[in-house]
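# Results of the structural survey
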Amino acid sequence: MTTAPPDAEVEAPPRFSWALAPAFGVSFSAFLLFGIQHEPSGYAVLAVSVILGFIIDRDLGKSLLLIGFGIGMIGTISLAADISYGHMVLMGSILLIAVVVPYVVDRFVFKRHIVRFPINTGRRWTTGEYLWLVSVVGLAWLIMPFYFITSGTYLNWPEVREPSELIRLFLAVNAVGLWDELFFICTAFALLRHHFVMWQANILQAIIFVSFLWELGYQAWGPFLTTTFALIQGYIFNRTRSLPYVVSVHLVFDCVLWAILVHTHNPGWLPIFIFY
């Protein structure tokens, strides 16, 4: 879609500022909408936070508006792991709008082009990055079966046995994984990084990311895992500026996730995991 972008953040964002209040409010609204699923308070906090953002700084308000639009759109649908054709079309359409509209508005209306999807970076992956990619597979293989089975959260995903169900689950898991990086990292994190130092922007995006994953099914003690994953993905993107790399990390993880879900619902299938 685009070549490697210049740094999206301002040269020297202040370490602490009043701008953090509305930015945190936008992130917290995701917790209200997806975490505890209380729409009235979630949308109220979201609206007040965006307005406050404009009051403090117009440019900040624009960024929070774009993030808030995506959060608000997602809040209109159920994020339950439903692989029926109708729900997949509905959810896919809403998630697509939540990514496309902020990109189009930021580039063509606000004329800023902070939201980017850097594919042709011209940068080769380092040995360490390849090693991390392999490590993600190993970590997912070791940790995720224990999490899903001991917590029972695998039951948040549908039982799949028929070939069409297996294919739909595989496509759904990986499509959502791709979307996660497009919205939470390339959109929300990039916009927040424009205004805040890295660690602040990363925590703010992680709150949104983890809240979304909670409603999707990563419950019980899942946030301990998803928070770590979200923060690492933000760090990697900030360092590499490479969409293909963060997507590759996410999708190799999701391929293992799919195998685990198939195995947990059908214990005799794919007996490749240590924890049963």
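So, here's what we can say about the structure. Because the structure is predicted, anything quoted here is derived from the model rather than measured. (Residues numbered from 1 in each chain as written. Predicted model: local features only at pLDDT ≥ 70, side-chain atom pairs only at ≥ 80, totals over all residues. Heavy atoms only, no water.)

Our next topic: unusual backbone geometry. Phi at Ala220 takes a positive value of approximately 55°, unusual for a residue other than glycine. The topology assignment puts Ala220 in the loop between helix 7 (198-216) and helix 8 (222-240). By relative accessible area, Ala220 is classed as partly exposed at 43%. Despite not being glycine, Leu270 has its phi angle at roughly 50°, a positive value. Within the secondary structure, Leu270 is located in the segment after helix 9 (243-265). (Helix = DSSP H or I, 4+ residues; strand = E, 2+ residues; numbered from the N terminus. Buried < 20%, exposed > 50% of the residue type's maximum accessible area, 1.4 Å probe, protein only.)

Below, the discussion takes up the layout of surface pockets. Here the largest pocket defines a volume of roughly 900 Å³. Lining the largest pocket are 47 residues; nearest its centre among them are Val176, Gly177, Asp180, His250 and Asp254. Among the elements of the structure, helix 4 (85-109), helix 5 (127-151), helix 6 (163-193), helix 7, helix 8 and helix 9 are those that each provide at least two residues to the lining of the largest pocket. It is helix 6 that provides the largest number of residues to the lining of the largest pocket, a total of 11 residues. Residues of the lining of the largest pocket, tallied by class, amount to 38 nonpolar, six polar and three charged. (1 Å grid on protein atoms, 1.4 Å probe; cavity = no way out; pocket = protein on both sides within 12 Å on 5 of 7 lines; lining within 4 Å. Points joined across faces, edges and corners; volume = space filled by probe spheres on them. Nonpolar A, V, L, I, M, F, W, Y, C, P; charged D, E, K, R; others polar.)

Turning our attention to helix 7. The end-to-end C-alpha distance of helix 7 is 27 Å, a good match for the 27 Å that 19 residues give at a rise of 1.5 Å each. Most of helix 7 sits inside the fold, with 15 of its 19 residues counted as buried. Phi for Gly217, located one or two positions after helix 7, is positive at around 140°. (Expected span 1.5 Å × (residues − 1).)

This next bit is on the nonpolar core. In this structure, Ile71, Ile74, Phe148, Trp179, Phe212 and Tyr218 are the most contacted members of the largest nonpolar core, which totals 81 residues. Of the residues forming this core, the biggest block, 15 residues, is contributed by helix 6. With residues near it in sequence (within four places) discarded, Tyr218 still touches Met144, Tyr147, Phe148, Trp157, Leu213, Pro223, Thr226 and Leu257. (Core = buried A, V, L, I, M, F, W, Y, C linked by side-chain atoms within 4.5 Å. Contact = heavy atoms within 4.5 Å.)

If you walk through the whole model with that rule in mind, you get 21 aromatic pairs. With 4.5 Å between their ring centres and 15° between their planes, Phe184 and Phe209 make a pair best called stacked. You can see Phe184 sitting in helix 6 and its partner Phe209 sitting in helix 7, a full 25 residues away along the chain. The exposure classification of Phe184 matches that of Phe209, with both residues buried. What links up through ring pairs into an aromatic cluster is the set Phe34, Trp179, Phe183, Phe184, Phe209, Phe212, Phe229 and Phe253. Here the guanidinium or amino end of Arg168 rests over the ring plane of Tyr85, the centre of that ring lying 4.4 Å away. (Phe/Tyr/Trp six-rings, centres within 6.5 Å; stacked < 30°, edge-to-face > 60°. Lys NZ or Arg CZ within 6 Å of the ring centre and 35° of its normal.)

Another point: the environment of Arg112. Relative to the elements of secondary structure, Arg112 occurs in the loop between helix 4 and strand 2 (118-120). What makes Arg112 buried here is its relative accessible area of 17%. For the pair Arg112 and Met144, spaced 32 residues apart in sequence, the C-alpha to C-alpha distance is 40 Å. Once you skip the residues sitting within four places of it in the chain, Arg112 turns out to touch Asp59, Lys62, Ser63, Leu66, Asp106, Arg107, Leu191 and His195. At 2.8 Å, the side chain of Arg112 forms a polar contact with the side chain of Asp59. For Arg112, the side chain forms a polar contact with the side chain of Ser63, separated by 3.1 Å. (Polar contact = N/O pair within 3.5 Å; in protein donor to acceptor, adjacent residues only side chain to side chain.)

Turning next to the packing of helix 4 against helix 6. At a minimum axis separation of 11 Å, helix 4 and helix 6 run at an interaxial angle of 20°. Put simply, helix 4 runs roughly parallel to helix 6. As helix 4 packs across helix 6, the resulting crossing turns out to be left-handed. The residues of helix 6 that touch helix 4, namely those facing Tyr85, Met88, Met91, Leu95, Leu96, Ala98, Val99, Pro102 and Asp106, are Ser164, Arg168, Ala172, Val176, Trp179, Leu182, Phe183, Thr187 and Leu191. Residue composition of the contact of helix 4 with helix 6, grouped by class: 14 nonpolar, two polar and two charged. (Axes fitted to C-alpha atoms, helices over the stretch in contact; angles between N-to-C directions. Parallel < 35°, antiparallel > 145°, perpendicular 65-115°, else oblique. Left-handed = near helix turned anticlockwise from the far one by under 90°.)

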